[in-house]
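Observations on the model geometry
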Amino acid sequence: METITLEFKGDKSLSHRSAIFSALGRGTFEIKNFLTAEDTINTLNAMKNLGVRIEGDVKSGSFKVHSQGLANAMKNIGQLKFTADLGNSGTGSRLLMGLFSGLPDAEVIITGDESLKKRPMGRISKPLTAAGAVFEPLDKLPITVYGRKLLPIMHVENLGSAQVKSALILAAIASGVSLRMEEQIPSRDHTENMLQFCGVNLTKENLDVSEGTGDKTGGFLIEMEPPYDIKPVAFDIWGDISSASFFIILGLLNQKKKVHIKNVLLNPYRDKFVHILKKMGGQIEIIEKEERCGERGGDIIASPSQLHGIEISPSDVPAIIDELPVLTIAGLFSKGKFSYRGAGELRHKESDRISAMVKNLTGLGVSVEEFSDGLSLDGNPDFSLTSSNSEGIIQSHLDHRIVMSFEILQKAILLNGGISNLTIDGKEWVATSFPDFYDKLDLFE
Ligand code: S3P
């Protein structure tokens, strides 16, 4: 059987953080395999306002960042006043809202595109307002962030949002104040891993339920104490596991080609979908390699498989939040019921992803039950389109992951000998996270 070998540009979450952390420390940082997509380039451009000098060709993904350190940058710049357009990126906008809110003398307008302007920002501004931050308005972009020396930050994070967690950590670093956060629903931990990799003294312990039993809750207590010294390091960024998810699933759904993904991030809060696919009968091999920039990674080999449905547990949702749309496509080609609940957060992504999936699948004649926090459908390993719906229209809802999920559905049908000539609207949104998606898709003929 033919094997298609793929390697991916840097993980999006890691790339955003590498750009931000490099501008906060003092010295020369090296970045390798940065994701050169619209979202992450917007974050890097926003950080240039802190006076960093970039050496090398950003487009190649490998470059150096010469940074004066936060305190010096502020001395040299005086009042930091600019507009940061973060385009489509929830991560870029929310992390930077946190950072600038804790930077006295900053007055930064954070804005973005049509999709981002609809997304809730109160989750960042409310807890930070409690520490003395000033945002105007509080919930929807554009928002002006008036930097202040904040009070120590105390927060209970119960959304399961890594963006909220990271924004608060960045605000504490910018203001040089302590932080104590109860993370009740654990979320991706790249901020913690990468800051520890840069030598920051951030501690993370299991949260205990009560003095009485001492039982673990699955949550964490995160604490940091100033001074914060972010040491210059080399960030060698693993390939993007969320981008890889589309091709891992294509490897399982098509009956002709294996897919070998090289050097991809294998963080347990990010590769959970792989384990779910294995439970669904997916033939997947994982080969772990040595850590890079505080993160695990390695290779994944996915072979054609007969999948069966699964009822995904709500407790798994935060770790598969970005992969739920394409997992739904895997569910569509599985035997039996595929469902997930507890994913209300999915309605606040680049689009309302529950509604976008339900509407598009319904348009293709699939019967899907929609819940406020999930969906359920009966899969069919022989799922195909007919002459009456093979020329259907898929609406992107301004969302890259919706576009890519339906491209995978279409490619799986075609590779298995079926007909599909869908009009997938909004292909341009793919460039926000995965500029070479179509080059990779074209390898599957
Ligand atoms: C991200 C966190 C997730 C995820 C997003 C990237 C990050 O959002 O959906 O694509 O890099 O921190 P939430 O933490 O808000 O769920």
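Computed from a predicted structure; not experimentally measured.

So, on to the pattern of salt bridges. Across all of its chains, the model carries 26 salt bridges by this definition. Notably, a salt bridge pairs Glu-350 with Arg-353, separated by 3.0 Å at the nearest N-O pair. For Glu-350, a relative accessible area of 9% corresponds to the buried category. We classify Arg-353 as buried; its relative accessible area is 0%. Connected through shared salt-bridge partners, Arg-119, Arg-188, Asp-322, Glu-350, Arg-353 and Asp-399 make up one network.

Strand order in the open sheet formed by four strands is β3-β4-β2-β13, with mixed pairing between adjacent strands. Across the chains shown, the open sheet's two edge strands, defined by having one partner strand only, are β3 (53-55) and β13 (234-236). The average angle at which neighbouring strand axes cross in this sheet is 20°, direction not considered. Sheet topology note: the β3/strand β4 (residues 63-68) ladder contains three bridges and is antiparallel. Each bridged residue has a counterpart across the sheet, and for Arg-53 the counterpart in β4 is His-66.

The subject of this paragraph is the packing of aromatic side chains. What the rule picks out here adds up to 14 aromatic pairs. Between Phe-34 and Phe-63, the ring centres sit 5.4 Å apart and the planes meet at 75°, which makes this aromatic pair edge-to-face. A residue pair is termed long-range when its members are at least 10 positions apart, and Phe-34 in the loop between β2 (26-32) and α2 (38-47) and Phe-63 in strand β4 qualify at 29 residues. With relative accessibility at 1%, the residue Phe-34 sits in the buried group. Using a relative accessible area of 3% as the deciding quantity, one classes Phe-63 as buried. Centre to centre, the rings of Phe-247 and Phe-437 are 5.6 Å apart; their planes meet at 50°, and the pair counts as tilted. Taken together, the positions of Phe-247 in helix α8 (residues 241-253) and Phe-437 in helix α13 (residues 437-441) put the pair 190 residues apart, joining distant regions of the chain. The pair formed by Phe-247 and Phe-437 is uniform in burial state, with each residue classed as buried. The ring of Phe-220 has Lys-204 sitting right over it, with the charged end atom 4.6 Å from the ring centre.

Here we take up the layout of surface pockets. Here the largest pocket defines a volume of roughly 530 Å³. Residue lining of the largest pocket: 36 residues in total, with Gln-163, Arg-188, Ile-321, Asp-322 and Lys-349 positioned closest to the centre. For the lining of the largest pocket, the secondary-structure elements that each account for two or more residues are α1 (12-24), α4 (90-101), α6 (162-175) and α12 (400-415). Across the lining of the largest pocket, the residue classes break down as eight nonpolar, 13 polar and 15 charged. In this structure, the lining of the largest pocket is formed jointly by two domains, domain 1 (2-236) and domain 2 (241-441), each of which donates at least three residues.

Here the amide bond leading from Glu-136 into Pro-137 is cis, since omega sits at -5°, within 30 degrees of zero. Mapped onto the secondary structure, Pro-137 falls in the loop between β7 (134-136) and β8 (143-146). Along the chain, Pro-226 connects to Pro-227 via a cis peptide bond; the corresponding omega equals 5°. With respect to the element layout, Pro-227 can be found in the loop between β12 (216-224) and β13. One non-glycine residue, Asp-105, adopts positive backbone phi at about 80°. Along the chain, the position of Asp-105 falls in the loop between α4 and β6 (106-111). A positive phi is found at Asn-263, a non-glycine position, where the angle reads about 55°. When you line up the elements, Asn-263 lands in strand β14 (residues 257-265).

Once that is clear, we can look at empty space enclosed by the protein. Applying the stated criterion to the full structure yields one cavity of 30 Å³ or more. What lines the largest cavity is simply Glu-7, Phe-8, Lys-9, Gly-10, Leu-35, Asp-240, Ser-243, Ser-433, Phe-434, Asp-436 and Lys-440. Residues belonging to the lining of the largest cavity are distributed by class as follows: three nonpolar, three polar and five charged. Both of domain 1 (2-236) and domain 2 (241-441) provide at least three residues apiece to the lining of the largest cavity.

What counts and what doesn't
Residues numbered from 1 in each chain as written. Predicted model: local features only at pLDDT ≥ 70, side-chain atom pairs only at ≥ 80, totals over all residues. Heavy atoms only, no water. Salt bridge = Lys/Arg side-chain N within 4 Å of Asp/Glu carboxyl O. Buried < 20%, exposed > 50% of the residue type's maximum accessible area, 1.4 Å probe, protein only. Pairing = 2+ DSSP bridges. Helix = DSSP H or I, 4+ residues; strand = E, 2+ residues; numbered from the N terminus. Axes fitted to C-alpha atoms, helices over the stretch in contact; angles between N-to-C directions. Phe/Tyr/Trp six-rings, centres within 6.5 Å; stacked < 30°, edge-to-face > 60°. Lys NZ or Arg CZ within 6 Å of the ring centre and 35° of its normal. 1 Å grid on protein atoms, 1.4 Å probe; cavity = no way out; pocket = protein on both sides within 12 Å on 5 of 7 lines; lining within 4 Å. Points joined across faces, edges and corners; volume = space filled by probe spheres on them. Nonpolar A, V, L, I, M, F, W, Y, C, P; charged D, E, K, R; others polar. Domains from an automatic or database assignment.

None of the figures reported here should be taken as evidence of function without further support.
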